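Below, each chain spelled out in residue letters.
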Amino acid sequence: MKAWIAFWNILHKDITTYYLKPPNISWGIIFPFAWTLMFYLRSQSTLDIRSLLPGVMALSILFGTTSMLAVTLTFERKSRSFERLLLAPIDLSLLMLAKTTGAILFGIINAFIPVIFACFMTDLSGIDWPKALLSVFFISVTSTFLGLFISVAAKEIFEAQTFSNFFRFPMIFLCGLFMPINELPLILRPLTYLFPLTYGTDLLKSAIHGDSLIPTWVSFLALTGFSLALFLVSTDNIKQKWIY
């Protein structure tokens, strides 16, 4: 019981200290809005808007979670405030779950900002909302743990952001966000399945307009595997690099 009280206190502190600050709130709204506006203004029909929605949602989650986690963890490590948390009588895995839950929630909220805009521009009837929500949750979890993995390897905030771009920008072009995987060059197609966002985007496409390349159970299994692997590797790196 005391461990979960500590979990809530850490999560509450992060939300009030980082995520509810006006710059982060405005950034969380403006970034998805910018992506939404950029792609939607280029759309010439209702079908185009709906087909772009999965990619914009996934991209909003990816950039929102990785950017925020890179700032929070790297900043706390540099200021040594994270070291005080490591002294607390709480399991390291639960501690890192508390530190990442805020980013997961931030990513989920980011995902539905483009949906709000799309509601005013196209008909969203027929969407499998439970599947879409579950897909958004899994994308947010895997993206957050990817951000955790990157942040653990960085010492400065700018390093974490730079490392993040090595993963994020290839995902934009290789994960089927806006260009179908079937249209990629044959030599690049195997690479798409090395990124968790490929499976999350495919789930969103299946939920929103019924177009799926990968079986649903395979996508959920892959996202679960990526999440566990990234989290376990990250916590192991923290034990080796951050705990002396």
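Predicted model, so just to flag it, every value in this text is computed and none were measured.

Calculation rules
- Residues numbered from 1 in each chain as written.
- Predicted model: local features only at pLDDT ≥ 70, side-chain atom pairs only at ≥ 80, totals over all residues.
- Heavy atoms only, no water.
- Phe/Tyr/Trp six-rings, centres within 6.5 Å; stacked < 30°, edge-to-face > 60°.
- Buried < 20%, exposed > 50% of the residue type's maximum accessible area, 1.4 Å probe, protein only.
- Core = buried A, V, L, I, M, F, W, Y, C linked by side-chain atoms within 4.5 Å.
- Helix = DSSP H or I, 4+ residues; strand = E, 2+ residues; numbered from the N terminus.
- Contact = heavy atoms within 4.5 Å.
- Salt bridge = Lys/Arg side-chain N within 4 Å of Asp/Glu carboxyl O.
- Axes fitted to C-alpha atoms, helices over the stretch in contact; angles between N-to-C directions.
- Parallel < 35°, antiparallel > 145°, perpendicular 65-115°, else oblique.
- Left-handed = near helix turned anticlockwise from the far one by under 90°.
- Nonpolar A, V, L, I, M, F, W, Y, C, P; charged D, E, K, R; others polar.

**Student:** Lay out the packing of aromatic side chains with the relevant residues and their values.
**Tutor:** Across all of its chains, the model carries 7 aromatic pairs by this definition. With centroids separated by 6.4 Å and ring planes inclined at 55 degrees, the aromatic side chains of Tyr 193 and Tyr 199 adopt a geometry described as tilted. On the basis of relative accessibility, which here comes to 9%, the residue Tyr 199 falls in the buried class.

**Student:** Let's hear about the nonpolar core: which residues, and what values?
**Tutor:** Core analysis: the largest hydrophobic core is formed by 58 residues, its most contacted members being Met 57, Leu 95, Met 96, Leu 148 and Leu 197. Examining the composition of this core, we find that 12 residues originate from one element, helix H5 (residues 92-119), more than from any other. With near-sequence residues (within four places) excluded, Met 96 lies in contact with Leu 73, Phe 82, Leu 148, Phe 231, Thr 235 and Ile 238.

**Student:** Any chance you could break down the pattern of salt bridges for me, citing the residues and the numbers?
**Tutor:** Pairing of side chains with opposite charge becomes possible as their charged atoms draw close. Following the criterion strictly, the structure yields 2 salt bridges and no others. With a shortest N-O distance of 3.0 Å, Asp 14 and Lys 13 are connected by a salt bridge. For Asp 14, a relative accessible area of 2% translates into the label buried. On the accessibility criterion, Lys 13 (31% relative accessible area) is partly exposed. A salt bridge links Lys 99 to Asp 14, with the shortest nitrogen-to-oxygen separation between them at 3.1 Å. On the criterion of sequence distance, the pair formed by Lys 99 in helix H5 and Asp 14 in helix H1 (residues 2-19) is long-range, its members being 85 residues apart. Assigned by exposure class, Lys 99 and Asp 14 land together as buried. Taken together, the shared-partner salt bridges connect Lys 13, Asp 14 and Lys 99 into one network.

**Student:** Please give an account of the packing of helix H6 (residues 129-153) against helix H9 (residues 196-209) that cites residues and values.
**Tutor:** The contact between H6 and H9 brings their axes to 9 Å, and the two run at 165 degrees. As far as their axial angle goes, H9 and H6 are roughly antiparallel. The handedness of the crossing between H6 and H9 comes out as left-handed. Here Lys 131, Ala 132, Ser 135, Val 136, Ile 139 and Thr 142 of H6 lie close against H9, whose contacting residues are Pro 196, Leu 197, Gly 200, Thr 201, Leu 203, Leu 204, Ser 206 and Ala 207.

**Student:** Describe the packing of H6 against helix H10 (residues 216-241), with residues and values.
**Tutor:** Between H6 and H10, the shortest axis-to-axis distance is 9 Å and the interhelical angle comes to 25 degrees. The orientation of H6 with respect to H10, classified from their angle, is roughly parallel. In this structure, H6 crosses over H10, and the sense of that crossing is left-handed. Where H6 approaches H10, its residues Lys 131, Leu 134, Phe 138, Val 141, Thr 142, Phe 145, Leu 146, Leu 148, Phe 149 and Val 152 are matched on the opposing element by Thr 216, Phe 220, Leu 223, Thr 224, Phe 226, Ser 227, Leu 230, Phe 231, Val 233, Ser 234, Asn 237 and Ile 238. Its residues assigned to classes, the contact of H6 with H10 shows 15 nonpolar, 6 polar and 1 charged.

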